[in-house]
Amino acid sequence: MIACLGRIVQDTDADSIPDDDVSTLSESLDLQGTIESGGITGVAGKDFGGLYSVKPLALIKPSGTEDIARVVNAASRTSHLTVAARGNGHSINGQAMADGGFVIDMRSTEENHFKPLTIDGSHYIDVSGGALWEDVLKRCVSMFRLAPRSWTDYLSLTVGGTLSNAGVSGQAFRFGPQTSNVTELEVVTGKGEITVCSETQNSELFFGALGGLGQLGIITRARVKLQRAPDMVRWIRVVYTEFEEFTRDAEFLVTQEEGESFDYVEGFVFSNSDDPINGWPSVPLDPDHEFNPAYIPQTAGSVLYCLEVALHYRNSDRPSTVDTAVSRLLERLGSIQRLKFQLNVSYVEFLLRVKQGEEHAKANGNWDSPHPWLNIFISKSSIVDFDRTVFRKMLKDGIGGPMLIYPLLRSKWDSRTSVVLPEGEIFYIVALLRFVPKGPTVEKLVAQNHEIIKWCNKEGLDFKLYLPHYQSKEDWKRHFGNQWTRFVERKTSFDPMAILAPGQKIFKRTHIIKP
């Protein structure tokens, strides 16, 4: 097998692997799954961001965990091959790529695990790391009337992919990120070992893999907490002119006890204009709803703020009961009373709301365009300064997509995971989700992202990148801060040759060869 790997790497030209070499490699690895040629134009050589492209050696479609372990073990017996796990390809900066290495298509394993469990009266589901969250949702609701507690806004992402980062949405203020809602993982480490881990079993790997950016292992199975799924959702948007009032109300809602607040709290910034993408028309929930700018005070600035909330209920609840609960919560808010939009939708429809946006973007060609996105965690202490300079000045005309902002609670996150956060109990996620056509605009917006980060550093803001991307080890050390040593120790323990997740550009592949 080693000779085969060496011959393929040395003899292959720059364009692709000959079919007979792929066949030989497949036989040598003894996989139950399949192997396809790499190539810069193939699916494994690009991602959703559209900003980077590389040429992997091969795309592996494993049948299961054992295949993945064989691939990692094979790479470990060479001096240079790397392995990247690719979920649904939604990375932005090439994090799931492996230049000249193996890319593992985790989607081929999506059906390997789907098993409900009840442990001490609590409900769980064992699912494959390659399963999409939207499929987990649909199956759990339709089969058991249960659902996971914490989500991402976009559910066409893999379980292993979001757990390797954090997984946040409007439910995270109550239940924490998705990384706080799993109790067991099956992981293939960089040593090629298949390991089951939890808080009490192989705990360093368990917490290290959660939010570990794929650096410590490939998540092949996760045990996810479930709760009873509601039937319906009252979905509401209200508008603010002042950032301080918007943040005050958002922070109030996320710090209330369950039953005393909404079940979902998010928000976004939009341009105070009639721009169909960036302005007033982006706020209404239904085409029949109209945003009347006459209700905006003359004192309003260049941008406005929308607080987006939702209340869960059941089909058996009386409409008047839901109305009363919503009114009681809304009357405590300082939003513009006459700019309120609400809609009743099913729970599943609400969680899949971004799917409609995806279909629209695919229809007009924007889905496959580059996405120079920027995601940042910013402490409460720095968020007003960020708004004053970034939202009101740099981005006052919009970005061609949503500018999300909403508060999260540090106490809902487990500090033992690999995720790094700003200081303080309350911090905000800011997500600049651009959809732009190919061309010079992309480079300009990437430069703008760098300008925003540079400004944050210069002004001493307390922030951390979410879905981070850096080019130097010094930047990564700064990102991890006092957790860097722990992260390096975990890397040394579980992927000592730095085989995994080369696209993150944190560690360089070592030249140790297994005997």
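The shown structure was predicted, so the numbers you read here are calculated from the model rather than taken from an experiment. (Residues numbered from 1 in each chain as written. Predicted model: local features only at pLDDT ≥ 70, side-chain atom pairs only at ≥ 80, totals over all residues. Heavy atoms only, no water.)

J.: Explain unusual backbone geometry residue by residue, including any values.
T.: With a phi close to 50°, Asn202 is a non-glycine residue in the positive phi region. Of note, the phi angle at Leu213 is positive, near 60°, even though the residue is not glycine. Assignment of secondary structure puts Leu213 in the loop between α7 (203–209) and β10 (217–228). (Helix = DSSP H or I, 4+ residues; strand = E, 2+ residues; numbered from the N terminus.)

J.: Which residues make up the pairing of strand β2 (residues 58–61), and what are the values?
T.: Taken residue by residue, a regular strand's side chains alternate between the two faces of the sheet. Pairing between strand β1 (residues 34–37) and β2: four bridges, direction antiparallel. When the bridges of β2 are listed, Thr34 appears paired with Lys61. (Pairing = 2+ DSSP bridges.)

J.: Account for the side chain of Arg234, with residues named and values stated.
T.: Note on placement: Arg234 falls in strand β11 (residues 232–240). Overall, the relative accessible area of 8% leaves Arg234 in the buried class. Among the polar contacts made by the side chain of Arg234, one reaches the side chain of Asp323 at a distance of 2.8 Å. (Buried < 20%, exposed > 50% of the residue type's maximum accessible area, 1.4 Å probe, protein only. Polar contact = N/O pair within 3.5 Å; in protein donor to acceptor, adjacent residues only side chain to side chain.)

J.: Account for empty space enclosed by the protein, naming residues and giving values.
T.: This structure, assessed with the given rule, holds three cavities of 30 Å³ or more. Taken together, 13 residues make up the lining of the largest cavity; nearest its centre are Asn165, Val419, Val420, Pro468 and His479. Its residues assigned to classes, the lining of the largest cavity shows nine nonpolar, four polar and no charged. Two domains each donate at least three residues to the lining of the largest cavity, and these are domain 2 (114–228) and domain 3 (232–465). (1 Å grid on protein atoms, 1.4 Å probe; cavity = no way out; pocket = protein on both sides within 12 Å on 5 of 7 lines; lining within 4 Å. Points joined across faces, edges and corners; volume = space filled by probe spheres on them. Nonpolar A, V, L, I, M, F, W, Y, C, P; charged D, E, K, R; others polar. Domains from an automatic or database assignment.)

J.: Could you give me a rundown of the domain arrangement of the protein, with the residues and numbers involved?
T.: Often, the extent of an interface is quoted as the loss of accessible area on bringing the components together. Each domain of the protein was delimited in the assignment, giving domain 1 (22–105 + 492–504), domain 2 (114–228) and domain 3 (232–465). If you average the C-alpha positions of domain 2 and of domain 3, the two centres end up 25 Å apart. If you look at the interface, domain 2 gives 31 residues, while domain 3 gives 34 residues. Between domain 2 and domain 3 the total buried area reaches about 2,700 Å² when both faces are included, carbon and sulfur atoms providing 58% of it. Looking at the side of domain 2 facing domain 3, the largest losses of area belong to Asp153, Phe173 and Arg174, adding up to 29% of the total buried there. (Contact = heavy atoms within 4.5 Å. Buried area = accessible area lost by both parts, 1.4 Å probe.)

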